[in-house]
Amino acid sequence: MLAACLLVPAQGQQPARPAVVTPEPQTATLPAADRYADRQKGVRAMADGIFSAAARFFLDYRSATAGREPDLADATVLLVKAYLLQNQVAEAETALNYQQKHSQGGADPYYSDALVYWRGAVQLAQGHFEQATVTVTPLLEPLRTQEFRRQALELLADAYAKLGRWQQAQSVLKQLLAEFPKSTNVVRAKLALVKAYLSEGQTHLAEESLDLLEQDSMMPTREVLELYRVMIFLNKKELDKATDLYRKIDGLRPSKPNEDWWMAASQLVDQLIPAGRHQDALTILPQVAKLATTDKTRIQAELQQAECLMELGNIQAAVDVVERFRTEHSGALEAVPVQLRLAELLRQQGQAAVAAGYLEEIAKNQAVSQELRYRAGFARGWCYADVGAHAEAMNAFAAAAALGQTEPQQAEAMLLAGDAAFRMQNYAKAATYYQAVAEKYKETPFAENGRFRQAQTRARSKLYGPAAEAFQAFIEEFPQSARLTEARLERGIALRLSGQNELAMQELEQLADTRAADPLAPRALLEGHQAAVAAGQSDRAIALLSKLLENHPDSDLFAQALYQRASSLFLADRNEAAVADARRLVESFPLLPLSADALMWLGDHYANIGEAAHSESAFLRLVTSQPKSHLAPAALYEAAMSAYHREDLNKALPLLKQFMTDYARADTDIVARAEMLYGDLLAQKGEYAEAITHFSRTQELMGSQELGLAAQGRLGEMHFSLWGGGEDTESLKTAASLFNEILNQESLSASLREKTLYRRAKVYEKLGRVESAIKDYMDIVYSYDQSLKAGNVRDWYYFARAGYDAARLFLQNGQERLAARTYERLAASGIPTAAEARQRAADIRTTFKLDN
């Protein structure tokens, strides 16, 4: 069949629309340029191909017309063109309707005809072909505008082609060429006439027209002429010539759907297949599918590919046979065995989804024997399982079970339905299927698997009590099973997870003792250890691990058991034995992640008992042996911290530099702590400016968290320390500002608040703000007193320092009575320096002769 749209290049499956040009309206009706700037902008945008912008300008132009004609009609025509060029058909129709509603009348003939034409153009684009012909036919009358008469003829040719009315298409095309031989669309019109001739079988006329067109000075491109020549050869049944010519121009084929190219290629295939040239046809058919402009023609091409593959002995040929029987011979039972076999072959070829469709047709066909229906349903279940469609697989296997004629058939299908439900994590459904297999089909070979999987599924659902019961049922029903040890182990685990720890310990230890040579015995002991831990029986937990380590030194679980025993021994404060296990683990399995944990334990243990050298050695060994461990950054930090506390700055500094090089992207918390330590180290060395960099990094990382605020406090200290005396107090002011920001935080620990207040008071002293300093000192003193009265005993360090400093300032200011009272308040608190404070208060009262 020839293309339905003659004058418009194919646009995939988009509706046809006429070629859009933008002729200038008659001079007499042109609006003044200075009054309609938006119109001129829109015209320029159209010329530049920016159609969306053009539409917006034309909308503004339309608003400016206020319904006056012919300006409104002019704006409407321009707007419709802009919309159609963007394939915005609905918007174009709305614009025309707006014209009808708001026009004040009086449009001249040019615009009257223009509006008629563009109404027809919109109808054509909407697919209303018959309506479009009725709309534009009046434009062919002698007195109508020539420009729209020509465009009406083009539109009619397109519409008649879409309607398959080829004689009328030929008639209007001839009229178009006779009346408008110089039209810009004349070449397209001549090609359209060739198509119309070919469609009517008028090959001689088509060939003559093409020959004339080839001699025309306005001839189309060479590949277009050759493409039409291919169709002429095909009409003349000259297949070899058509094939050779098509191959010559094949490289110029478009990559998108195209009506002309699809027509030539599909007609060529239609002649190659009957000629037995299936390989040639198969080469072209993928192109036909890509060039097709409708779903129907694309599907036809795909089916023809299947036909050719069948003829060439490919499995796809079987697909074509099945399709043909399904569409042309529905209900033909003799096709069922072939269809079933082909579906099995399709599954082997990885086309499970296609196969499943064929199999479903058989399984649901009650005219087919039940045996074949069962086979089809069972195979269909496997098709879905192959592609991971577990819900469909479950339903297919369940349906197959109902079709089975023997208990083994029914049991196997139901077991597979359970497997599919399990894979989709529908454990409740899976358990139901498995239980049915175990209890309804006890005499089949599938009952054993059914019971075991039922128990496993209950465990996966965290229904550990029912799981233990199901495993016990398995043990009793299948005492000779090869999976008996596994069932006993799983039952013990289920008992543990259900909270029956004592029973679990007994079961698991007994299993390990009675089946000591079984590979699962070590696992039983490890699980028994966990049950003992959950029951709070640490000694028994350690004993079970010891049994594993002593009786199964070659087990894959040996390292895990050694690790667990070391952990349990540390928790039980049996440190000497714990250290021995941890060292053994590290020496025997140095690269296991478990050994990294053990080294951390060792480092912490030695740090706790004051053996800093051993602690640092353990931490650094972790960093050296497993530098990529998630624990390595923390270990390196701990080693540096230990060296710092030992005041071995020469060791701590290189370790911190290594941290910043190797673990700058570690977890935020550990990086922040390392930066803080680095700052403290530099501060201790008197390198305050350098320390600021690291404290700032900690503050940046931790924000308003306690560590971030502590770092901000350190920053204040650094700025305080950088003050060199004199009148330049900028560093002191910066320190005060930092302390103020900390104290403004809503959630601040009492200790950090005290420390920050004390620091700020010291800054205020240096700034000469004595009253502010006294206020901060006394704030600390009063807060401590309040805590004591509330029964909260706190560290007295800043309380004492603040009190002594406040008393000192009172004395300097001549406020001897306040100084004495402050010392007396310190004395009354009972802190270790209370006696000294009491004596100072007495000395002040004696010296200055103060009464109470």
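(A) Layout of the overall build of the protein chain. If you tally the helices and strands in the protein chain, you get 43 helices and zero strands. Against the 2.2 N^0.38 benchmark of 29 Å for 852 residues, the protein chain shows a C-alpha radius of gyration of 47 Å, more extended than a compact globule. In terms of its C-alpha atoms, the protein chain occupies a principal-axis envelope of roughly 135 × 95 × 45 Å. Buried residues in the protein chain amount to 50% of all 852 residues. In the protein chain, of all internal contacts separated by at least 6 residues, the share reaching a separation of at least 24 is 55%. For the protein chain, the exposed surface amounts to about 40,100 Å²; the carbon and sulfur share of it is 49%.

(B) Representation of the nonpolar core. Core analysis: the biggest nonpolar cluster contains 96 residues, and Phe58, Val80, Leu84, Trp118, Tyr246, Leu268 and Ile284 have the highest contact counts within it. At 10 residues, the largest contribution of residues to this core is made by helix α5 (residues 109-125). In contact with Ile284, other than residues within four places in its own chain, are Tyr246, Ala265, Leu268, Val269 and Leu272. By size, the runner-up hydrophobic cluster in this structure holds 81 residues, among which are Ile493, Tyr563, Phe570 and Val623.

(C) Local environment of unusual backbone geometry. The omega angle of the peptide bond from Glu69 to Pro70 is 5°, so this bond is cis rather than trans. Of note, Pro70 is situated in the loop between α2 (51-65) and α3 (71-85). Within the chain, Ala66 stands out as a residue other than glycine whose phi angle is a positive 55°. Mapped onto the secondary structure, Ala66 falls in the loop between α2 and α3. Residue Ala66 is classed as partly exposed on the basis of its relative accessible area of 48%. Here Asn87, not a glycine, exhibits a phi torsion of approximately 60°, which is positive. The partly exposed category is assigned to Asn87, whose relative accessible area is 29%.

(D) View of helix α23 (residues 447-460). Relative to the 20 Å expected for 14 residues at 1.5 Å per residue, α23 spans 20 Å between its end C-alpha atoms, a close match to the ideal helical length. Those residues of α23 that are buried lie in contact with α21 (407-423), α22 (427-440), α24 (464-477) and α25 (484-497). Once α23 finishes, Lys462 follows within two positions and takes phi at roughly 65°, a positive value.

(E) Representation of the side chain of Arg62 in the model. With respect to the helices and strands, the residue Arg62 is situated in helix α2. One buried charge, Arg62, has no salt-bridge partner; the nearest side chain with opposite charge is Asp60, at 9.0 Å.

(F) Inspection of helix α42 (residues 816-828) at higher detail. For α42, built from 13 residues, the straight-helix expectation of 18 Å at 1.5 Å per residue is met to within 8% by its first-to-last C-alpha distance of 18 Å. Taken together, the buried positions of α42 are Glu816, Ala819, Ala820, Thr822, Tyr823, Leu826 and Ala827. Considered in projection along α42, the buried side chains sweep an arc of 160° and stay on one side of the axis. Residues of α42 that are buried sit in contact with α40 (770-789), α41 (797-812) and α43 (834-847). Gly830 sits one or two residues past α42 and shows a positive phi near 80°.

(G) Examining the pattern of salt bridges more closely. On inspection of all chains with the given rule, the structure shows 51 salt bridges. Taking the shortest distance from any N to any O, the salt bridge between Arg39 and Asp74 comes out at 2.6 Å. Placement of the pair is Arg39 in helix α1 (residues 37-47) and Asp74 in helix α3, with a sequence separation of 35 residues. With respect to class, Arg39 is no different from Asp74; both count as buried. Its salt-bridge partner being Arg253, residue Asp250 comes within 3.0 Å of it at the nearest N-O pair. Of the residues examined, Arg253 reaches a relative accessible area of 27% and is grouped as partly exposed. Residues joined by salt bridges that share partners form a network here, namely Glu502, Glu509, Asp513, Arg540 and Lys547.

(H) The packing of aromatic side chains, seen in detail. Throughout the structure, instances matching the rule amount to 21 aromatic pairs. Taken together, a centroid distance of 5.6 Å and an interplanar angle of 65° make the contact between Tyr804 and Tyr823 edge-to-face. With Tyr804 in helix α41 and Tyr823 in helix α42, the pair connects residues that are 19 residues apart, well separated along the chain. The class of Tyr823 is buried, set by a relative accessible area of 4%. Put simply, the rings of Tyr110, Tyr111, Tyr117, Trp118 and Phe148 touch in pairs and so form one group of aromatic residues. The positively charged end of Arg62 is found above the aromatic ring belonging to Tyr98, 3.6 Å away from the centroid.

(I) Structural context of the environment of Met718. With respect to the helices, strands and loops of the structure, Met718 is situated in helix α37 (residues 706-722). For Met718, a relative accessible area of 4% translates into the label buried. Along the sequence, Met718 and Thr734 sit 16 residues apart, while their C-alpha atoms lie 9.9 Å from each other. If we skip the residues at most four places from it in the chain, Met718 touches Ala683, Tyr688, Ala691, Ile692 and Phe695.

(J) Up close: the environment of Ala355. Mapped onto the fold, Ala355 is located in helix α18 (residues 352-363). Considered as a pair, Ala355 and Asp779 are 424 residues apart in the sequence and their alpha carbons are 84 Å apart.

(K) Quick look at the packing of α23 against α24. Taken N-terminus to C-terminus, the directions of α23 and α24 make an angle of 160°; their axes are 7 Å apart at the nearest point. Judged by the angle between their axes, α23 and α24 are roughly antiparallel. Considering how the two elements wind past one another, α23 and α24 form a crossing that is left-handed. Counted together, Glu448, Arg451, Phe452, Gln454, Ala455, Gln456, Arg458 and Ala459 of α23 and Tyr464, Pro466, Ala467, Ala470, Phe471, Ala473, Phe474 and Glu477 of α24 form the full contact between these two elements.

(L) Quick look at the packing of α37 against helix α38 (residues 730-743). Here α37 crosses α38 at 165°, and the two axes come no closer than 7 Å. Judged on the interaxial angle alone, α38 and α37 are roughly antiparallel. Of the two elements, α37 crosses α38, and the hand of that crossing is left-handed. Residues Leu709, Gln712, Gly713, Leu715, Gly716, Glu717, His719, Phe720 and Leu722 of α37 form the contact with α38, whose own contacting residues are Ser731, Leu732, Thr734, Ala735, Leu738, Phe739, Glu741 and Ile742. In terms of residue class, the contact of α37 with α38 is built from nine nonpolar, six polar and two charged.

(M) Quick peek at the confidence of the model for the protein chain. The share of residues in the protein chain with pLDDT of 70 or more is 91%, and the mean pLDDT across the chain is 87. Contacts for the low-pLDDT stretch residues 1-5, under 50 throughout, to residues beyond four places or in other chains number 25 contacts. Confidence drops under pLDDT 50 across residues 8-31; counting only partners more than four residues distant or on other chains, this segment forms 68 contacts.

Definitions and cut-offs
Residues numbered from 1 in each chain as written. Predicted model: local features only at pLDDT ≥ 70, side-chain atom pairs only at ≥ 80, totals over all residues. Heavy atoms only, no water. Helix = DSSP H or I, 4+ residues; strand = E, 2+ residues; numbered from the N terminus. Rg over C-alpha atoms; globule rule 2.2 N^0.38 Å. Buried < 20%, exposed > 50% of the residue type's maximum accessible area, 1.4 Å probe, protein only. Contact = heavy atoms within 4.5 Å. Areas by Shrake-Rupley, 256 points an atom, 1.4 Å probe, with all protein chains shown as cover. Core = buried A, V, L, I, M, F, W, Y, C linked by side-chain atoms within 4.5 Å. Expected span 1.5 Å × (residues − 1). Lys, Arg positive; Asp, Glu negative; His and termini not counted. Salt bridge = Lys/Arg side-chain N within 4 Å of Asp/Glu carboxyl O. Arc of directions from axis to C-beta. Phe/Tyr/Trp six-rings, centres within 6.5 Å; stacked < 30°, edge-to-face > 60°. Lys NZ or Arg CZ within 6 Å of the ring centre and 35° of its normal. Axes fitted to C-alpha atoms, helices over the stretch in contact; angles between N-to-C directions. Parallel < 35°, antiparallel > 145°, perpendicular 65-115°, else oblique. Left-handed = near helix turned anticlockwise from the far one by under 90°. Nonpolar A, V, L, I, M, F, W, Y, C, P; charged D, E, K, R; others polar. pLDDT = per-residue confidence, 0-100.

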